[in-house]
Amino acid sequence: EWVDEMSKFHALLLGTLVVIHPCMYASGQEQWGDTDMSSILLIWNLVYNSISIMANPATPYHRDVNGQQQWLDMLITVGHYAPLDFVIPTLNLWFRYNPRTIIAMPGSALEHGVGYADGNHACLAYYIQQNVHQSVRIPLCTSPHMSDLQL
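Every value quoted in this text rests on a predicted model; they were computed, and no experiment measured them. Residue positions are given per chain, counting from 1 as you read along its sequence in written order. Totals for whole chains, interfaces and linings use every residue, but because this is a predicted model, local features are given only for residues with pLDDT of at least 70 and side-chain atom pairs only at 80 or more, for both listing and counting. Water and hydrogen atoms play no part in the side-chain values, which are based on all heavy atoms of the structure.

(A) Inspection of the pairing of strand β3 (residues 73-81) at higher detail. Note: two strands are recorded as paired if DSSP finds a minimum of 2 bridges between them. The helix and strand labels rest on DSSP assignments: H or I over at least four residues marks a helix, E over at least two residues marks a strand, and numbering proceeds from the N terminus. Of the strand pairs in this sheet, β3 and strand β6 (residues 102-105) are connected by four bridges, and their pairing is antiparallel. Opposite Ile76, over in β6, you have Ile102 as the bridge partner. In this sheet, strand β8 (residues 119-127) lies alongside β3 in antiparallel orientation, the contact comprising eight bridges. Looking at the pairing, Val78 lines up with Ala122 of β8.

Structure follows, in structure tokens:
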């Protein structure tokens, strides 16, 4: 039921990925061509094959262990809370992390973190597990480049 209710939002994420990282989109679509995996398409309309949900997260600076440096994870924040900053210290970047914000970034390549805030909030982290690509023999895509943007 939850997956059904999220289908329009997932379509928005998918459309975003088509524009900002078309190679990752194509590679992700290819994984579902495997006959063992194709049945999931009836309910899952994303190229991401994994999701983590973190409730009220305050996360110290870290790099994610599940993705690849050339892949963009999508982080979505939801809830009701005081303003938060999403920080990428390596690049000296601070982003306002308000409810309903989407951040696409290579979480395994860039150290990042979020401070604590009063209120109820959650982060939905969408990413691709490399072992799924390996099991269906899909090569890794290249890193995104400005020339890839579908403008």
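Moving on from the model shown.
(B) Spotlight on a nonpolar patch on the surface. Only residues whose relative accessible area exceeds 30% and that form no salt bridge enter a patch; like-charged residues are grouped when within 9 Å of one another, and nonpolar side chains (Val, Leu, Ile, Met, Phe, Trp, Tyr) when within 5 Å. Areas reported here follow the Shrake-Rupley algorithm with a probe of radius 1.4 Å; residue values treat only the protein chains shown as occluding. We define a salt bridge as a contact between a side-chain nitrogen of Lys or Arg and a carboxyl oxygen of Asp or Glu at a distance within 4 Å. Taken together, the side chains of Leu91, Leu93 and Phe95 make up a nonpolar region of the molecular surface, amounting to roughly 240 Å² of accessible area. Here Leu93 lies in strand β5 (residues 93-96). By relative accessible area, Leu93 is classed as partly exposed at 32%. The buried label applies to any residue whose accessible area, calculated with a 1.4 Å probe on protein chains only, is under 20% of its type's maximum; exposed applies above 50%, and partly exposed to all values in between.

(C) Representation of the sheet that holds strand β4 (residues 85-88). Within the open sheet, the four strands sit side by side as β2-β7-β4-β5. Their pairing is antiparallel. Strands at the two margins of the open sheet, each flanked by one partner only, are β2 (59-62) and β5. Looking at each pair of strands side by side, their axes are set apart by 15° on average, direction ignored. Relative to β5, β4 runs antiparallel, the two sharing four bridges. Bridge pairing in β5 links Asp85 to Arg96. Axis definition: a line fitted to C-alpha atoms, limited for helices to the stretch in contact. Angles are taken between N-to-C directions and run from 0 to 180 degrees.

(D) Fine view of the sheet that holds strand β1 (residues 50-55). Spatial strand order, β1-β8-β3-β6: four strands in an open sheet with antiparallel pairing. Of all the strands in the sheet, just β1 and β6 have a single pairing partner and so form its edges. Averaged over all pairs of adjacent strands, the angle between strand axes in this sheet comes to 15°, irrespective of strand direction. Contacting β3, β6 and β8, helix α2 (residues 7-20) crosses the sheet at an angle of about 140° to β3. In this analysis, two residues are considered to be in contact whenever any of their non-hydrogen atoms come within 4.5 Å of each other.

(E) Broad picture of the nonpolar core. The biggest cluster of nonpolar side chains holds 16 residues, and the ones touching the most others in it are Met24, Tyr48, Met74 and Tyr126. Elements that contribute at least two residues to this core include exactly α2, β3 and β8. By residue number, the principal contributor to this core is α2, which donates three residues. Residues enter a nonpolar core if they are buried and are Ala, Val, Leu, Ile, Met, Phe, Trp, Tyr or Cys, with the set joined through side-chain atoms within 4.5 Å. Residues Tyr97, Ile103, Met105 and Cys123 belong to the second largest nonpolar core, which totals 13 residues.

(F) Seen up close, unusual backbone geometry. At Asn92, a residue that is not glycine, the phi angle is positive and equals roughly 60°. By the secondary structure assignment, Asn92 is in the loop between β4 and β5. In this structure Asn92 comes out as exposed when scored by relative accessible area, which is 54%. Despite not being glycine, Arg100 shows a phi value in the positive range, around 70°. Counting through the fold element by element, Arg100 comes out in the loop between β5 and β6.

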